[in-house]
Amino acid sequence: MKDFYTLFFIVLLILISIATGYYYTIYKPDIEPLNENQLVNEDPIKLLNQQLIDLELNKNFWKNKIKLAEKEQFNFFIDLSDSMATLEISGIVAHSSHILNYEIAENLRMLKQKEDIIRILRDPLHIVEEWSSVPKDPIRIKDISGHEWNPDSLNFVPTNMDTEYVFIVFKCSKEFSVMISQRAIIGEMPSYIAQDHLTKFKNLANTQNKAKDIPFSDLIQKNWIGIEITRSDAIALYRAINEQSLLTLCL
Amino acid sequence: MVHKRRWLYVISGFLAGILLFTVIPLERASIPGNGQAIANMSYADEVYVKKLLSLESQIRLEKSKVQKLEERFEQLESKKPYLVVNSSKNIIRLVVDGTTVIKSKCSTGSYILLKASGQREWLFRTPKGKFRVTVKFKNPHWYKPDWAYLEEGKPIPSIYSPKRYIPNVLGDYALGFGDGYLVHGTLYKRFLGLPVTHGCVRLGDEDMQAVFNTLTHGSKIYIY
């Protein structure tokens, strides 16, 4: 009888061990909710969906490039997937510059809104308004009207364009804004943009800062991206773009 | 007493068994959707795999579409030689068969606005956009315009005066691209890379010779 009880307890212990192991390894439900990134990382379907959306954006981008290759004007292309900003005319890449860093609005990063982004970026964006810390045409005046025959007394007024920090904002159609800034050391920039390189975009856009001392704050809309390129590239791109130029993005 | 304890062991063991094999699965099944998921596990797996395969085939299709679009864009690029002028950096690129064969310094418009008496003014800027070579010269002469005399503080001669034709200042070669603007050589090589001209594009002698020999009438010049 004693053997029976010993056997009974051994069998019971084995059963309890198996059941406990089963419960805590195979059978335990995932009660912890996963965030969006975890879902994307863990679910192959979500990963593939993300890839499909990226390909859709890429396809639109190339379609627009081909469409705009027929135009005889400079158009501006930003390809974040390739980290390139290019200036193109008639299918010629006149100028290309590496995007050294970028920041995009929170709503453009959200997976759920990708369908909206595809819709927004399906066609090229028009530039509605622009602001820049450097002049479009760096004109210097040489006034000889009062003393035509005395070249030594020419009135020559240079600007300080070479020391000006470059920050450009394009207000585009479809509630989209594009900011371009030169990569610079903090302290070289005016106070309203003298923050950590990319957080300046975030703070300016996300806080909807409409302070009067920020001359371009009205140009920043809910969909925005900010890119950092070299100073000379920023100037070259800005000076080539005019009111007819179109802007195409691939996020 | 021993008998009672044995029965207690049996009953407690029995209850533990019931708890592990009945209550816990019930708890699991009570989570919304899970009971059904378990019941249809094989079907769900099948649907999941089908969806994965369908997405993968869609991705392959989309990738090939993007690839074709990229190839189409590359084919759009002109195979004929062309010149690109970056007037902000004062750099030119001569492109032949899609490859940059020369990348060198140049001089472009100074952006000086010259104001003279009688409300006459001239802005010395290089035009931007797409242009074509309209004319080619060897040993070009410079037709000195009014503003050049005003800048030097000299009297302006008649527009027909032969004094206006100045030799040996535009280098050995020049290409016209409309409205009197030229791509030409220069005597002022130390200024290459700087915006100092009255609107023309100045190149070094060797670069100018190569550009002159490569571009033909109608070749494209892109200035930005």
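To be clear, the structure that these remarks concern was listed above.
Residues numbered from 1 in each chain as written. Chains lettered and ligands numbered in written order. Predicted model: local features only at pLDDT ≥ 70, side-chain atom pairs only at ≥ 80, totals over all residues. Heavy atoms only, no water.

**Q** Account for unusual backbone geometry, naming residues and giving values.
**A** Peptide bonds are, in most cases, trans, and in most cases residues other than glycine have a negative phi. Although it is not a glycine, Glu175(A) adopts a positive phi angle of roughly 55 degrees. Its relative accessible area of 45% is what places Glu175(A) among the partly exposed residues. Its identity as a non-glycine residue notwithstanding, Asp97(B) has a phi of 55 degrees, on the positive side. Inspection of the secondary structure puts Asp97(B) in the loop between β2 (91–96) and β3 (99–109). On the basis of relative accessibility, which here comes to 53%, the residue Asp97(B) falls in the exposed class. (Buried < 20%, exposed > 50% of the residue type's maximum accessible area, 1.4 Å probe, protein only. Helix = DSSP H or I, 4+ residues; strand = E, 2+ residues; numbered from the N terminus.)

**Q** Pulling in residues and values, what's your account of empty space enclosed by the protein?
**A** With the rule as written, the count across this model stands at 1 cavity of 30 Å³ or more. Taken as a whole, the largest cavity holds about 30 Å³ of empty space. Residue lining of the largest cavity: Lys65(A), Leu68(A), Ala69(A), Asn75(A), Phe77(A), Glu88(A), Ile89(A), Ser90(A), Gly91(A) and Phe73(B), and that is the complete set. Put simply, the parts of the chain that give the lining of the largest cavity at least two residues each are α3 (44–68), β1 (75–79) and β2 (84–89) of chain A. Classifying every residue of the lining of the largest cavity gives 5 nonpolar, 3 polar and 2 charged. (1 Å grid on protein atoms, 1.4 Å probe; cavity = no way out; pocket = protein on both sides within 12 Å on 5 of 7 lines; lining within 4 Å. Points joined across faces, edges and corners; volume = space filled by probe spheres on them. Nonpolar A, V, L, I, M, F, W, Y, C, P; charged D, E, K, R; others polar.)

**Q** Please provide a residue-by-residue account of helix α7 (residues 231–240) of chain A, values included.
**A** Burial within α7(A) is extensive, with 8 of its 10 residues counted as buried. By the burial criterion, the buried members of α7(A) are Asp233(A), Ala234(A), Ile235(A), Ala236(A), Leu237(A), Tyr238(A), Arg239(A) and Ala240(A).

**Q** So, the side chain of Thr197(B): which residues are in play, and what are the values?
**A** Residues and elements named next belong to chain B. Structurally, Thr 197 is set in strand β12 (residues 195–197). In this structure Thr 197 comes out as buried when scored by relative accessible area, which is 1%. Separated by 3.1 Å, the side chain of Thr 197 and the backbone nitrogen of Gly 199 make a polar contact. Contacts of Thr 197, omitting those with residues within four sequence positions, involve Ser 107, Thr 108, Gly 109, Ser 110, Phe 124, Thr 126 and Arg 202. (Polar contact = N/O pair within 3.5 Å; in protein donor to acceptor, adjacent residues only side chain to side chain. Contact = heavy atoms within 4.5 Å.)

**Q** How would you summarise the side chain of Gln73(A) if you had to cite specific residues and measurements?
**A** Residues and elements named next belong to chain A. In this structure, Gln 73 sits in the loop between α3 and β1. Residue classification places Gln 73 among the buried residues on the basis of a relative accessible area of 17%. At 3.1 Å, the side chain of Gln 73 forms a polar contact with the side chain of Asn 75. Each residue touching Gln 73, except ones within four places of it in the same chain, is listed here: Glu 88, Ile 89, Gln 244, Ser 245 and Leu 246.

**Q** Outline the interface of chain B and chain A, listing residues and values.
**A** Taken residue by residue, the interface counts 60 residues in chain B and 57 residues in chain A. When chain B packs against chain A, the two sides together hide about 5500 Å² of surface, and 71% of this comes from carbon and sulfur. Along the contact surface separating chain B from chain A lie 4 salt bridges. A salt bridge links Lys142(A) to Glu151(B), with the shortest nitrogen-to-oxygen separation between them at 3.0 Å. Within the residue set of the side of chain B that touches chain A, elements represented by two or more residues are α1 (2–29), α3 (41–76), β1 (82–86), β4 (112–116), β5 (120–124), β6 (129–132), α4 (146–152) and β14 (220–223) of chain B. The element that contributes the greatest number of residues to the side of chain B that touches chain A is α3(B), accounting for 16 residues. Among the residues forming the side of chain B that touches chain A, the class breakdown is 30 nonpolar, 9 polar and 21 charged. Where strand β6 (residues 140–143) of chain A meets β4(B), 4 bridges bridge the pair, whose relative direction is parallel. Note on β4(B): the bridge partner recorded for Arg140(A) is Ile112(B). (Buried area = accessible area lost by both parts, 1.4 Å probe. Salt bridge = Lys/Arg side-chain N within 4 Å of Asp/Glu carboxyl O. Pairing = 2+ DSSP bridges.)

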